[in-house]
Amino acid sequence: MGAVSSRLPVFPWDRLEPYKATAAAHADGIVDLSVGTPVDPVPAVIQQALTDAANSPGYPTVWGTAALRDALTGWATERLGARGLAHTNVLPIVGSKELVAWLPTQLGLGAGDKVAYPRLAYPTYEVGARMAGAEPVAYDEPTDLDPAGLKLLWLNSPSNPTGRVLTADELRRTVAWAREHGVLIFSDECYLELGWEADPVSVLHPDVCGGSYDGIVAVHSLSKRSNLAGYRAAFLAGDAAVLGELLGIRKHGGMMVAAPVQAATVAALGDTAHVAEQRARYARRRAALRTAFEGAGFRIEHSEASLYLWATRDEPCWDTVGELAERGILVAPGEFYGSAGERFVRIAFTATDERVDAAVRRLAE
């Protein structure tokens, strides 16, 4: 029973619980800037679509409705600049985390296979490799990897946790290298709508992929852009052969997006007003927190996109976490994202305006 779990690291967020308790004991309550979960309302147009589809007694399909696939291909064409997408080039998924965690297993990877991901990265990339019994490999520059045995290469732009954005030229070189060596690319682009000091580009853009989706798949989520983390609404777009294989596997596994969520996704992708409104909220919070943390002696690196500030005071990250917890502010230790982050913390700007203002006041004391 413990054979698989024994391959995995301790769940990182469990280690933060004592610091959360300290922060929660603050007289004015906790300001939680750690997880990065949306706190603002689900837009009304999406709630209405979910409600209208509530009477859905039958099983949904794994591939989704035709209306959903139209919405996915249409959005990827308009927003990502993708060209020539058919329904076979898209696949809805039950949130992006389950895909990241289970992808190596669904691809049939195992002992002797390698899965590569950025040295500073969302920890589930490594977890997915370990659950499949494959070898996780962290990289600084993907084209410096040894391609022998490398079956899956994760890209992440904008990055979680650093907010770094890869340029079209960087992406283009990596796609060419991966194709030369027969390595499958999955590009995690869940923060693409949240560029602040850079304009993130998708791996599906013709300037990157040359108009061909061979060997590349992009991962997108509505959790951040539309406050739908609770809906588990996400999708894949790219290589039809790869997505066809995953579709067949996921049919057997029953990995179906709930029918009301499918309808809500169509509504979310068809409305841009709520995206602009939410961006404006995050922009205000980002500016306030950046100014406050820099005023308190922090240095911000990268952070040109995403929902986080990547910050350091050039001290061990747990020291920073502990000191901020005493002020009632909870942040994520950079060590969660790899040893290269051991002197950084990740600061989410997903708290309410009132809680952000509280953090600003405390940092100024």
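Coordinates for the structure precede this section.
What counts and how
Residues numbered from 1 in each chain as written. Predicted model: local features only at pLDDT ≥ 70, side-chain atom pairs only at ≥ 80, totals over all residues. Heavy atoms only, no water. Pairing = 2+ DSSP bridges. Helix = DSSP H or I, 4+ residues; strand = E, 2+ residues; numbered from the N terminus. Axes fitted to C-alpha atoms, helices over the stretch in contact; angles between N-to-C directions. Contact = heavy atoms within 4.5 Å. Salt bridge = Lys/Arg side-chain N within 4 Å of Asp/Glu carboxyl O. Buried < 20%, exposed > 50% of the residue type's maximum accessible area, 1.4 Å probe, protein only. Parallel < 35°, antiparallel > 145°, perpendicular 65-115°, else oblique. Nonpolar A, V, L, I, M, F, W, Y, C, P; charged D, E, K, R; others polar.

## A word on the sheet that holds strand E5 (residues 150–156)
Turning to step 1, where the next piece is worked out: One open sheet holds the seven strands; their spatial order is E2-E8-E7-E6-E5-E3-E4, and the pairing between them is mixed. The outermost strands of the open sheet, each flanked by one partner alone, are strand E2 (90–94) and strand E4 (135–139). For this sheet, the mean inter-axis angle between neighbouring strands, taken without regard to orientation, is 25°.
Turning to step 2, where the next piece is worked out: Bridge analysis of strand E3 (residues 114–118) against E5 gives three bridges, and the strand direction is parallel. Residue pairing for E5: alanine 116 is matched across the bridge by leucine 153.
Turning to step 3, where the next piece is worked out: Of the strands in this sheet, E2, strand E7 (216–221) and strand E8 (233–238) are in contact with helix H3 (residues 66–80), which crosses E2 at around 105°.

## Some thoughts on the pattern of salt bridges
Should the charged atoms of two oppositely charged side chains come close, the side chains can pair.
Turning to step 1, where the next piece is worked out: Enumeration according to the criterion identifies 25 salt bridges in this entry.
Turning to step 2, where the next piece is worked out: The residue glutamate 193 makes a salt bridge to arginine 225 at a minimum N-O spacing of 3.1 Å. Here glutamate 193 is found in the loop between strand E6 (184–188) and helix H7 (206–209), whereas its partner arginine 225 is found in the loop between E7 and E8, with 32 residues between them in sequence.
Turning to step 3, where the next piece is worked out: Two residues, glutamate 277 and arginine 281, come together in a salt bridge whose shortest N-O distance is 3.0 Å. Within this pair, glutamate 277 and its partner arginine 281 are both found in helix H10 (residues 273–295), separated by four residues, close to a single helical turn.
Turning to step 4, where the next piece is worked out: Owing to a relative accessible area of 19%, arginine 281 belongs among the buried residues under this scheme.
Turning to step 5, where the next piece is worked out: Each member of the salt-bridge network shares a partner with another, and the members are Asp28, Glu354, Arg355, Arg361 and Arg362.

## Observations regarding the packing of helix H4 (residues 96–106) against helix H8 (residues 240–253)
In a pair of packed helices, the angle between the axes and the distance between the axes together describe the arrangement.
Turning to step 1, where the next piece is worked out: Direction vectors running N to C along H4 and H8 enclose 100°, while the axes themselves pass 12 Å from each other. On the basis of the axis angle, H4 is roughly perpendicular to H8. Side by side, H4 and H8 meet where Glu98, Leu99, Leu103 and Gln106 of the first sit next to Leu246, Ile249 and Arg250 of the second.
Turning to step 2, where the next piece is worked out: Here the contact of H4 with H8 is built from residues that sort into four nonpolar, one polar and two charged.

## A look at the pairing of E2
Turning to step 1, where the next piece is worked out: Across the five residues of E2, four count as buried, placing the element largely inside the fold.
Turning to step 2, where the next piece is worked out: The pairing of E2 with E8 spans five bridges and is classified as antiparallel. When the sheet's bridge partners are listed, valine 94 is paired in E8 with alanine 233.

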